[in-house]
Amino acid sequence: MAKATLPTISTRSNRFFAHHAHRESSKFDAEEVQAATMEKLMGIRGGALGGDIASLDWRFFLAGGICAAASHGYTTPIDVVKTRMQSFPEKYNKGVLAAARDIVKEEGMAYLLTGLGPTVVGYGLEGALKFGCYESFKVIFQHLTPYKVFNFLMASVVAGAVASIVLCPMEEARIKM
């Protein structure tokens, strides 16, 4: 089994691996370090996550979904005009208000709501997952490192990635409408 050589770790400079500071040698078993990291990440040590994940409130998901759906839904007409201006720059080159007036005249007022369904559903799911997963991952990652800011940053990165994966197909459907 290959041993990885790491520099001696000071408990002052890096509390994350402080449990290895008692060793006299600076050689660590790479698998042991990986296992210790995974234990912290998965919350196996002590048999608990350090927080009660079962007590997470579904209202985080609901609030995130409602807020994201509403905030993106009521801007759909602006998005329709912007998309038209980008698709046909030679036709809609006199500004946003002139483009909106032309679209309403040619297509009718209801056309400004084109794509409202995918926008509300897509951003509703995105907001629900982003806020709900963030609150869930905060509990899971709270003991990953001794640095709260880093733990919360990790929770937000993972939650944002999950939410973006769900949002992308809905955005594509909206833009193609």
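Reference entry: report on the structure contained in this document. Since we're looking at a predicted model, the values are computed, not measured.

Attention now goes to the nonpolar core. Counting eight residues, the largest nonpolar core consists of V80, V81, M85, Y92, A99, A100, I103 and L112. Contributing elements (two or more residues each) for this core: helix 3 (76-87) and helix 4 (96-107). Residues within four places of Y92 in sequence aside, it is in contact with R84, M85, A99, D102, I103 and E106. Formed by five residues, the second largest nonpolar core is a distinct cluster that contains C133, F137, F141 and A159.

This part covers the pattern of salt bridges. A full pass over the atoms with the stated rule returns five salt bridges. For K91, the salt bridge goes to E106, with nearest N and O atoms at 3.0 Å. Here K91 is found in the loop between helix 3 and helix 4, whereas its partner E106 is found in helix 4, with 15 residues between them in sequence. Given the relative accessible area of 44%, E106 is considered partly exposed. A salt bridge links K130 to E126, with the shortest nitrogen-to-oxygen separation between them at 2.8 Å. Highlighted residues: K130 and E126, both in helix 5 (residues 116-141), separated by four residues, approximately one helical turn. Residue classification places K130 among the partly exposed positions, given a relative accessible area of 33%. Taking relative accessible area as the criterion, E126 reaches 9% and is therefore assigned buried.

Here helix 5 crosses helix 6 (residues 148-176) at 165 degrees, and the two axes come no closer than 8 Å. It follows that helix 5 is roughly antiparallel to helix 6 by the angle criterion. Between helix 5 and helix 6 the crossing geometry is right-handed. Residue composition of the contact of helix 5 with helix 6, by class: 19 nonpolar, five polar and five charged.

Under the 1.5 Å per step criterion, the end-to-end length of helix 4 is 16 Å for twelve residues, consistent within 8% with the ideal 16 Å. Of all the positions in helix 4, only A98, A99, A100 and I103 are classed as buried. Among the structural elements, helix 3 are those in contact with the buried residues of helix 4.

Conventions adopted
- Residues numbered from 1 in each chain as written.
- Predicted model: local features only at pLDDT ≥ 70, side-chain atom pairs only at ≥ 80, totals over all residues.
- Heavy atoms only, no water.
- Core = buried A, V, L, I, M, F, W, Y, C linked by side-chain atoms within 4.5 Å.
- Buried < 20%, exposed > 50% of the residue type's maximum accessible area, 1.4 Å probe, protein only.
- Helix = DSSP H or I, 4+ residues; strand = E, 2+ residues; numbered from the N terminus.
- Contact = heavy atoms within 4.5 Å.
- Salt bridge = Lys/Arg side-chain N within 4 Å of Asp/Glu carboxyl O.
- Axes fitted to C-alpha atoms, helices over the stretch in contact; angles between N-to-C directions.
- Parallel < 35°, antiparallel > 145°, perpendicular 65-115°, else oblique.
- Left-handed = near helix turned anticlockwise from the far one by under 90°.
- Nonpolar A, V, L, I, M, F, W, Y, C, P; charged D, E, K, R; others polar.
- Expected span 1.5 Å × (residues − 1).

All quantities given are derived from atomic positions and should not be read as evidence of function.
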